[in-house]
Amino acid sequence: MTLEKLEKMAQRERERQEKFERRVFCCISTACLSAGAGRTINALQEAVDACQCKENDVEVVQTGCMGLCSRGPLVRVEDKSGEPIIYADVDIDVSQQIIAKHVPMGKLKDESVSEDVQEIREKLKKARRRKGLEQRILDTNAPFFAKQEKIVLQNVGHVDPEKLEDYLAHGGYSALGHVLQNMTPEEICDEILRSGLRGRGGAGFPTGMKWNFVRKEESSTKYVVVNGDEGDPGAYMDRTMMEDNPHQVLEGMIIAAYAVGASYGYFYIRGEYPIAVDRIRRAIRTARRNGILGKNVLGTDFNFNAAVRIGAGAFVCGEETALIHSVEGKRGMPRMRPPYPSTSGLWGKPTLINNVETMANIPPIINGGADWYSRIGTEKSKGTKVFALAGQLTNTGLIEVPMGITLREIIYDIGNDVPGDAEFKAAQTGGPSGGCIPAEHLDTPVDYENLNKLGSIMGSGGLVIIDSTTSMPEFAHFFMDFCVDESCGKCVPCRVGTVQIRTLLEKIIDGRGEPEDLNKLEALCHIVKATSLCGLGQSAPNPVLSTLRFFREEYQTLISSQEPT
Amino acid sequence: MITLTIDEKKIEAPPGTHVLQVALANGIEIPHLCYHPELSVSGGCRLCIVEVEGYPEPVPSCGLACTDGLVITTHGERLHELRKNVLDLLISDHPLDCLICEKAGDCLLQQYAYEYGIKETTYTPTISSTLYQDDNPFFIRDHQYCILCGLCVRICDEIVGVHAIDFAKRGFESNIATPYDGPMIESTCVFCGNCVQVCPTAALMPVSRKNKGREWELDRKTTICGYCGVGCQLEYALKEGEIVYAQASPDGPVNGELLCTKGRYGWDFAHSPERLTRPLIRRDLAYELGLSSEAWEQPDTSPLAVKQPKIEDDFIAVDWETALDLVASRLAATVSEHGPDSVMGLSSARCTNEENYLFQKFIRVGIGTNNVDHCARL
Amino acid sequence: MKNSSESQANKKHFNSSDHPSGDERFKVIDRTMKRFDFEKDALLEVLHATQESFGFLSNDLLIYISSQLRVPLSQVYGVATFYHSFTFEPLGKHNCIICTGTACHVKGSATITQALSEQFEVPIGKTTEDGLFSLTTARCLGSCGLAPVAVLDGEVHGRQSPQSTISLVKDILARETEVLEQGEPG
């Protein structure tokens, strides 16, 4: 299929969508699904069917995450006559109220409809009189929405993740069409480099530079791998992107492949994300059927194909060399770098590995241009970052904010403070590889460098808020337990060191700690950091070190309270 | 050639080599537990870390490719501290029973602990695996001593090509395992014992080694393996003249550090009372030749029917001169009486190429027949 | 038992597409291996397929995979034990997974696990003696907005407490005993 045909498809879909007076979007992302969105969307559809309204009056659309996961299931109504309205906590009753309010009830065309339909019509009539729907409406001018800037998630929550046409109608694959027709691989890499995009997997390596490394390798075979092994407990940005807008990630991947000269690509997805696996597989299949993947992509002489590989429950496989081993069907143990995957990756061939969010950033950058993108963010960290906001906050969910926003804005404005009587204590970023940031540093602008300075990392984007009820030594122990469990066992400092750190923490928590244990713990953490083989071991002590730095008195209290009497 | 500087010494190295390899070749010692020149690089033990100019943190030298102008420091205060701490961690997961351990004196971990002055671990001793497997007659697997360097796994996979063992589980709980931790005999193991040889600790020990004394009590005898014509060099460790175990020596020109199961474990015949050490002549023949004064007749009963036949019942020992003369004269008589084709020569795979060449030459030219063959064809 | 094996044998006689082992589930493994042209790097995918169709990885299954893909058995075992998604014992008829991710942890998922373990007398990661109920944990299921989260027989339940999860499990187990009582004549 050529680009023109694709544009025609997009045009057709746009026209089809515009015909509807109103469209009702129901989030079917994992968080909302577990809150009962499956029942909600069925109820919406049943209610719409029962209305028996005019053709092109209303359409119920399944879509992705709208952000405020803690209030799910979320439903958005886009009516031609007014502003879009988002409803929260939509159960079956509320969904009937919504339809009753927005959709005019049509006359029964056929008197012999089933009793079920009659019953629903009765319920809808009653629902129209019921009050309280206003309380479910979310204020889209509230800081939770107003403070966000959506680039990566722009179409998430608007497109049907299972429909290629819908993505096309939202401008999908136009970036791919543009680069294939108008840009050389070198120009693409330069564009990405100029945009200032840095790897969203955690370390923040400049993406354009990485692309150039792979592009310059001389090899007949090269690979692109999208790292969707989002293992940080408390993070689910990548899952959302793969589930809710798989084509955007796929488009980024195809552009990357064209830029570096790869002909085959893999999505490596966590086994715990069956819906993401399913949606990406479906996206690949549809793309292949429509000539976006396979031989002669969009009628050009560029060939590219992609497949999915499923992880099997190993956090360390997020590390790129371990990931390579896992794709090759081996134990996911990291190896020493160099050689970097850009020179010797999958089966010894040059391989580009980028995180899901990084790939999802590519189409907007190509569409908007490097200059537009690099105006967002701070001097060294450009663009936006998606965070999974979780823990003790009123508003939890998925947010996208410009780099450089302060933690205070995220927590108090977007997150709307800690609920109840408890007080904010720390913000944990970067999961088991990150650290805890206390209240006095809340005005730090969030970017790669600043978080590093605070002994934490950007990580993939988990942001867990802890309130005063959590004991920091115990929290550090929780992460160390995770690292012990997830260490691959290859290098000594990580295999044995994490166990010894955990033992020391247990000793302190159990009240058997001695004054010199704190120094011992700190020294051991530095040893493990300095001598471990891969990123997992090198960053495993971060939660302990950062809590020792900012909450040392909690450790000291545990030790001194047990002094012999 | 690449020129790099190691400890202020300019060293030339061929392209594609690694720093540790080059340092060792130039007599610069860097401690290492998981590196072996014949095997792929692992980088897990973290002892061979060195400081590289321009790098913020020390890096392991085993996987560091030599590049032009590289400046390396192999020893220093920080490196010493880091290595000592890594060893400390290793020892926290290793029994400190060197007093009764047969590997003492040959154990690399013990040697480094000595060099870095570690008496005991400063951490809480925690043994990760206490599995003890003595399921075969050749070697014992005692997992508490295992430091998971993976040399055994790599030699089994990369050189022997059997892949009988691999890492199982992960993290602190991981161990080197046969499938389902089953007996070795049920795995694909061929019992070549090369894993035992590369094991730096007492995790893999020959069964024959048990209770047979300490390393420094043993004498060493280098010899050539007699099992086949390859001519592997091997080294017997002896106590009071008796073999305790066999191993290959790294500088063996033919086999390096490798041996097969016969060379490594098939030496128990050496001390067998049934071993033939001198030529024997049948008693009736000896009487005929005047070598014995006793007349003797072969008994009617089949030798197969006799339980545990005693050699001295049927044979007497003679010197080599006599034996060779007897064989030569009998052979000559047979050839002259029945012609050369009445003789056939069958030689052995245990002889060298040169010996086999001489033997066929002797049969073809000396005897004059082409009736010559070799056991390896059977 | 006997009846079902007989009927299987009969089916085998009439339907040549059956798997020679008599166990249809092997077909899933075979299909996966075929899809990957019996390449060695398919090992992880094949193990996934096996785990899915058999519920756990038995010794015989690993031997079968090893011989079909020509990967050393020790390596198959090593890979299977490395990844936590694979289990070596069959799970119970009903399975409850408690998320132990960070968000769930700070909202008290550990107390739920503990309470379930005590209430149903089953150690974490194990199955009750009657084989009806397994209690397992998982590292972050990605439903952090609804923490703490429990997954009961594949259905996600958010904002749980020890009491609410216990009653959910009790309901399921109660239905099980009802079925048993109805199933038995008299």
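Residues numbered from 1 in each chain as written. Chains lettered and ligands numbered in written order. Predicted model: local features only at pLDDT ≥ 70, side-chain atom pairs only at ≥ 80, totals over all residues. Heavy atoms only, no water.

Undergrad: I'd like to hear about the sheet that holds strand E8 (residues 305-310) of chain A, residue by residue, with values.
TA: Residue and element names in this part refer to chain A. The parallel open sheet is built from four strands, whose spatial order is E8-E7-E6-E9. Since the sheet does not close on itself, it has two edges, and those belong to E8 and strand E9 (351-355), each with one partner. Strand after strand, the sheet turns through a mean of 20° between neighbouring axes, direction not considered. When strand E7 (residues 264-269) meets E8, the two strands line up parallel, connected through six bridges. When the sheet's bridge partners are listed, Tyr-266 is paired in E8 with Ala-307. (Pairing = 2+ DSSP bridges. Helix = DSSP H or I, 4+ residues; strand = E, 2+ residues; numbered from the N terminus. Axes fitted to C-alpha atoms, helices over the stretch in contact; angles between N-to-C directions.)

Undergrad: Quick rundown of the interface of chain A and chain C? Include the residues and the values.
TA: Taken together, the contact between chain A and chain C spans 50 residues of the former and 35 residues of the latter. Between chain A and chain C, a total of about 3,300 Å² is buried, with carbon and sulfur atoms accounting for 54% of that surface. When the area that chain A buries against chain C is broken down by residue, the three leading residues are Ala312(A), Arg331(A) and Phe478(A), summing to 17%. Viewed at the interface, chain C and chain A are joined by two salt bridges. Residue Asp41(C) is joined to Arg309(A) by a salt bridge in which the shortest nitrogen-to-oxygen separation is 3.3 Å. Our count for the chain A to chain C interface comes out at 17 residue pairs in polar contact (both at pLDDT 80 or more). At the level of secondary structure, the elements contributing two or more residues to the side of chain A that touches chain C comprise helix H2 (30-34), E8, helix H14 (320-327), strand E10 (384-391), strand E14 (462-467) and helix H19 (472-486) of chain A. If you tally residues by element for the side of chain A that touches chain C, the top one is H19(A), at seven residues. Looking at side-chain class alone, the side of chain A that touches chain C contains 25 nonpolar, twelve polar and 13 charged residues. (Contact = heavy atoms within 4.5 Å. Buried area = accessible area lost by both parts, 1.4 Å probe. Salt bridge = Lys/Arg side-chain N within 4 Å of Asp/Glu carboxyl O. Polar contact = N/O pair within 3.5 Å; in protein donor to acceptor, adjacent residues only side chain to side chain. Nonpolar A, V, L, I, M, F, W, Y, C, P; charged D, E, K, R; others polar.)

Undergrad: How would you summarise the domain arrangement of chain A if you had to cite specific residues and measurements?
TA: All names here are of chain A. You can read the domains of chain A as domain 1 (20-146), domain 2 (171-374), domain 3 (392-467) and domain 4 (472-560). Placing a centre on the C-alpha atoms of domain 3 and another on those of domain 4 gives a separation of 22 Å. On the domain 4 side, the residues contacting the 17 residues of domain 3 number 15 residues. Of all residues in domain 3, the largest losses of buried area upon contact with domain 4 belong to Lys-425, Pro-432 and Cys-436, amounting jointly to 43% of the total for that side. Linking domain 3 with domain 4 are one salt bridge. Of the charged contacts in the structure, one is a salt bridge between Glu-554 and Lys-425, with a shortest N-O distance of 2.8 Å. For the interface between domain 3 and domain 4, the tally reads six residue pairs in polar contact (both at pLDDT 80 or more). (Domains from an automatic or database assignment.)

Undergrad: An account of the sheet that holds strand E13 (residues 435-438) of chain A is requested, with residue identities and associated values reported.
TA: Residues and elements named next belong to chain A. Strand order in the open sheet made by the five strands is E11-E10-E14-E12-E13, with mixed pairing throughout. The open sheet has two free edges, formed respectively by strand E11 (397-402) and E13, since each of these has just one partner strand. Ignoring strand direction, the axes of neighbouring strands in this sheet form an average angle of 30°. Across six bridges, E10 lies against E11 in antiparallel orientation. Following the sheet pairing, Lys-385 is matched in E11 by Val-401.

Undergrad: Quick rundown of the pattern of salt bridges? Include the residues and the values.
TA: As a working rule, side chains carrying opposite charge can pair if their charged atoms are close by. Under the criterion given, the structure shown has 46 salt bridges over all chains. One continuous salt-bridge network, built from bridges that share partners, spans Glu13(A), Arg16(A), Arg23(A), Glu59(A) and Lys163(A).

Undergrad: Go over the interface of chain A and chain B, please, and point to the residues and values.
TA: Chain A puts 28 residues into the contact, and the matching count from chain B is 32 residues. Across the interface of chain A and chain B, roughly 2,500 Å² is buried in total on both sides, 62% from carbon and sulfur atoms. If you sort the residues of chain A by the area they bury against chain B, Arg331(A), Met336(A) and Arg495(A) come out on top, with a joint share of 24%. Between Arg170(B) and Glu486(A) there is a salt bridge; the shortest N-O distance is 2.8 Å. Looking at the side of chain A that touches chain B, the elements that each hand over two or more residues are H19, helix H20 (492-509) and helix H21 (517-531) of chain A. By residue number, the principal contributor to the side of chain A that touches chain B is H20(A), which donates eight residues. Residues that form the side of chain A that touches chain B fall into these classes: 14 nonpolar, eight polar and six charged.

Undergrad: Quick rundown of unusual backbone geometry? Include the residues and the values.
TA: Residues Gly72(A) and Pro73(A) are joined by a peptide bond in cis, for which omega reads -5°. Of note, Pro73(A) is situated in the loop between strand E2 (58-63) and strand E3 (75-79). In this structure, Pro339(A) follows Pro338(A) across a cis peptide bond, with omega equal to 0°. For Asp181(B), which is not glycine, the phi dihedral falls at a positive 55°. For Asp181(B), the location among the structural elements is in the loop between strand E9 (175-177) and helix H5 (194-198). The backbone of Phe191(B) shows a phi angle near 55°, a positive value even though the residue is not glycine. The residue Phe191(B) is located in the loop between E9 and H5 in this model.

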